[in-house]
Amino acid sequence: MKILVTGGAGFIGSHTVVELDKAGFEPVIIDNLYNSNLGVLEGIKKITGKDFPFYEIDCNDAEKIRAIFEKEKFDGIIHFAAYKAVGESVEKPLNYYENNLISLLVLLRTAQEFKVPNFVFSSSCTVYGQPDAIPVTESTPRKPASSPYGNTKAIGEDIIRDFVHAKSGVKSISLRYFNPIGAHESALIGELPNGVPSNLVPFITQTAAGLRKSLTVFGNDYDTVDGTCIRDFIHVVDLAKAHVKALELLDEQKESDYYDVFNVGTGEGYTVLELINTFEEVNGVKVNYTIGPRREGDVEKIYAQSDKVNNVMKWHAEKTMVDALKDAWNWQLKIKAQQ
């Protein structure tokens, strides 16, 4: 099966390309390199021994997307490409609505036209907002999102659900994932944000490596064990494998209007300070950090209940937070050695 991976040069996308290849799929990568770079493709090649087709294209460009579909004849799509920084989305909401929603519409229209039957959507636990109870299950009510980014994911899910139920010929799964961290154990690919990182672990590793003077922890007055936010941190390789499982499950479905959602997390919550302390312990380095005010758009605490993804999709998290923090640090050391 030939699979289009949008945002395939990004953090989660690149690891998913590797796992797709390992599972016998043929990935084709589209990425506009807005928050990634071409060096990632070299890392993928070293891990897999293969050169996968790559197109430097923006998913909002309907004509160019259509041309790729004409050329490649896809069996499925995994759609990662989106802006994803919570804080930035609060400052620039229109950019997020325009980019994240139009790209989705373009892909769905093109999938329908070219009869591509399987569509996996990169959603997020942000669709739950601040839940009334944790852990969250797939039946936990979605709340008004805490940020425009989160809202684009909720709206994206609704668009896909309605599209599938309209007998579009496209089956779909939305994966609501929690907080991906880590890197490939080879240290050949990992999280490589352009400019200032929007995610916590690259900030930690860059600070530990001396590239940044200090890390700001946003708020220590939340109702948690140490006052900092609680998250469900999942190793990016485990998350990548979940996308492979989702494609396999979609391919098994006989109903043409199949749509479902799955939480993808470890089922365990850790505070931001617990993450920092564990990073220091496992890697033997210190992280300079200060406590700052709360950040608009942040949820106090959230982690997954993983029963559905475990039982229906036959996926289980295999790697630990310690594994992820070791891999992230090895990746940072590799980057530093190359600079």
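Residues numbered from 1 in each chain as written. Predicted model: local features only at pLDDT ≥ 70, side-chain atom pairs only at ≥ 80, totals over all residues. Heavy atoms only, no water.

1. Observations regarding the nonpolar core
L20, I44, I173, L175, F262, V264 and M313 are the most contacted members of the largest nonpolar core, which has 35 residues in total. Broken down by secondary-structure element, the contributors of at least two residues to this core are β1 (2-6), α1 (11-22), α2 (39-48), β6 (171-177), α8 (236-252) and β11 (259-264). Tallying contributions element by element places α8 first for this core, with nine residues. With residues up to four places along the chain from it excluded, the contact list for I44 reads G8, S14, V17, V18, I29, G49, F52 and I189. Counting residues in each nonpolar core, the second largest holds 26 residues, with I65, V106, F121 and V261 among its members. (Core = buried A, V, L, I, M, F, W, Y, C linked by side-chain atoms within 4.5 Å. Buried < 20%, exposed > 50% of the residue type's maximum accessible area, 1.4 Å probe, protein only. Helix = DSSP H or I, 4+ residues; strand = E, 2+ residues; numbered from the N terminus. Contact = heavy atoms within 4.5 Å.)

2. Quick look at the layout of surface pockets
Here the second largest pocket defines a volume of roughly 260 Å³. Forming the boundary of the second largest pocket are 13 residues, of which N35, A85, E88, V196 and S198 lie nearest the centre. Looking at side-chain class alone, the lining of the second largest pocket contains eight nonpolar, three polar and two charged residues. (1 Å grid on protein atoms, 1.4 Å probe; cavity = no way out; pocket = protein on both sides within 12 Å on 5 of 7 lines; lining within 4 Å. Points joined across faces, edges and corners; volume = space filled by probe spheres on them. Nonpolar A, V, L, I, M, F, W, Y, C, P; charged D, E, K, R; others polar.)

3. Re the pairing of β1
Counting buried residues in β1 gives four out of five residues, a clear majority hidden from the surface. In this sheet, strand β2 (residues 26-30) lies alongside β1 in parallel orientation, the contact comprising five bridges. Residue pairing across strands places V5 opposite I29, the latter belonging to β2. Handedness of the crossover joining β1 and β2 through α1 is recorded here as right-handed. Sheet analysis places β1 next to strand β4 (residues 76-79), joined by four bridges and oriented parallel. (Pairing = 2+ DSSP bridges. Right-handed = clockwise from strand over helix to strand, strands pointing away.)

4. A word on empty space enclosed by the protein
Going through the model one piece at a time under the given rule, you end up with one cavity of 30 Å³ or more. A volume near 40 Å³ is recorded for the largest cavity. In this structure, the largest cavity is lined by H79, F80, A81, A82, N100, F121, T152 and K153. Residue composition of the lining of the largest cavity, grouped by class: four nonpolar, three polar and one charged.

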